[in-house]
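Structure at a glance
If you want the building blocks of each chain, they are given just below.
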Amino acid sequence: MSDRSFLFLLGSSRTGGNTEALARAAAEHLEPEAAQRWIHLGELGLPPFTDRRHTGDGTTPPAQGAEQIVQDATLAATDIVVASPLYWYSVSASVKNYMDYWSGWLRVPGLDFKADMAGRRLWAVTAYADGAPEAAAPLAGMLRLSAGYFKMEWRGVLLGYGSRPGDVDRDARALAAAKTFFRGDTETEDVLY
């Protein structure tokens, strides 16, 4: 029985896009016992992050509502998969907002978020529309550095081509890579297919 639990955070502004399709193709090859939870950040209703570091005592109040849902899901997962289309060479606004909450969760009394995140695995799936695959390097760098700060294990990026809906279904190279992506047996820092 698997003790792995995957949280897929969908960061597209629409459902069923190329990035989500590629993430679901990769998830089909997870061991059957691995738990999966899928959250579409755009549908969650997560409010814009408010930085409280320099307000009052600098603490962040305990999470409520949509924030509580995503915080609990994050802390319950052994593997966090950011599935964001490549928007202006980085993650989407909804993923960036979610990641900003991580800095707030560092300051919640009684929550040791940084220590709790240590040892978890961080993955990324993205689809790019224009340019060369190397355009995803800033996205990979942002997530890799974030993983490093939290002492997480950075597992790289599964990259596919997709501009119009369904394009990634014709990217044979990305679909082949999706079959083995979550094995995590790569030695490279960032995996751009």
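Residues numbered from 1 in each chain as written. Predicted model: local features only at pLDDT ≥ 70, side-chain atom pairs only at ≥ 80, totals over all residues. Heavy atoms only, no water.

1. Describing the environment of Tyr98
For clarity, the cut-off: What counts as a helix is a DSSP run of H or I of at least four residues, what counts as a strand is a run of E of at least two, and both are numbered from the N terminus. The cut-offs for exposure are 20% and 50% of the maximum accessible area for each residue type, with area from a 1.4 Å probe on protein chains only; residues under the lower value are buried, those over the upper are exposed, and the others partly exposed. Residues count as neighbours in contact if any of their non-hydrogen atoms are within 4.5 Å of one another. Throughout this description, a polar contact denotes any pair of N or O atoms lying within 3.5 Å of each other; where both atoms belong to protein, one of them has to be capable of donating a hydrogen while the other can accept it, and for residues adjacent in sequence the pair is counted only when both atoms sit in side chains.
Within the secondary structure, Tyr98 sits in helix H4 (residues 93-105). Relative accessible area serves as the criterion here: at 0%, Tyr98 is assigned to the buried category. For Tyr98 and Leu9, which are 89 residues apart along the polypeptide, the C-alpha to C-alpha distance reads 9.2 Å. In this structure Tyr98 touches Leu9, Leu41, Leu46, Val70, Thr74, Ile80 and Trp105, once residues within four positions along its chain are discounted. Side-chain polar atoms of Tyr98 contact the side chain of Thr74, separated by 2.8 Å.

2. Thoughts on the nonpolar core
Heads up, the condition is: Residue types Ala, Val, Leu, Ile, Met, Phe, Trp, Tyr and Cys, when buried and joined through side-chain atoms within 4.5 Å, form a set referred to as a nonpolar core.
Among the nonpolar cores identified, the biggest contains 38 residues, and Ile80, Tyr98, Trp102, Trp105 and Leu143 are the most heavily contacted of them. Looking at this core element by element, the count peaks at 6 residues for H4. For Trp105, the contacting residues outside a window of four places in its chain are Glu67, Val70, Gln71, Thr74, Tyr98, Leu111 and Phe113. Phe8, Leu10, Ala27 and Val168 belong to the second-largest nonpolar core, a separate cluster that totals 21 residues.

3. What about the side chain of Asp167?
Relative to the elements of secondary structure, Asp167 occurs in the loop between strand E5 (153-161) and helix H7 (172-178). With relative accessibility at 15%, the residue Asp167 sits in the buried group. Beyond its immediate sequence surroundings of up to four residues, Asp167 is in contact with Asn18, Tyr161 and Gly162.

4. Regarding the pairing of strand E4 (residues 121-128)
Convention followed: Paired strands, as defined in this entry, are two strands with at least two bridges between them according to DSSP. With strands facing away from the observer, any crossover in which the path from the first strand over the helix to the second runs clockwise is taken as right-handed.
In terms of burial, E4 is a largely internal element, 7 of the 8 residues being buried. As paired strands, strand E3 (residues 79-83) and E4 are joined by 5 bridges and run parallel to one another. Bridging across to E4, Ala83 finds its partner in Val125. Handedness of the β-α-β unit built from E4, helix H6 (residues 137-149) and E5 comes out right-handed.

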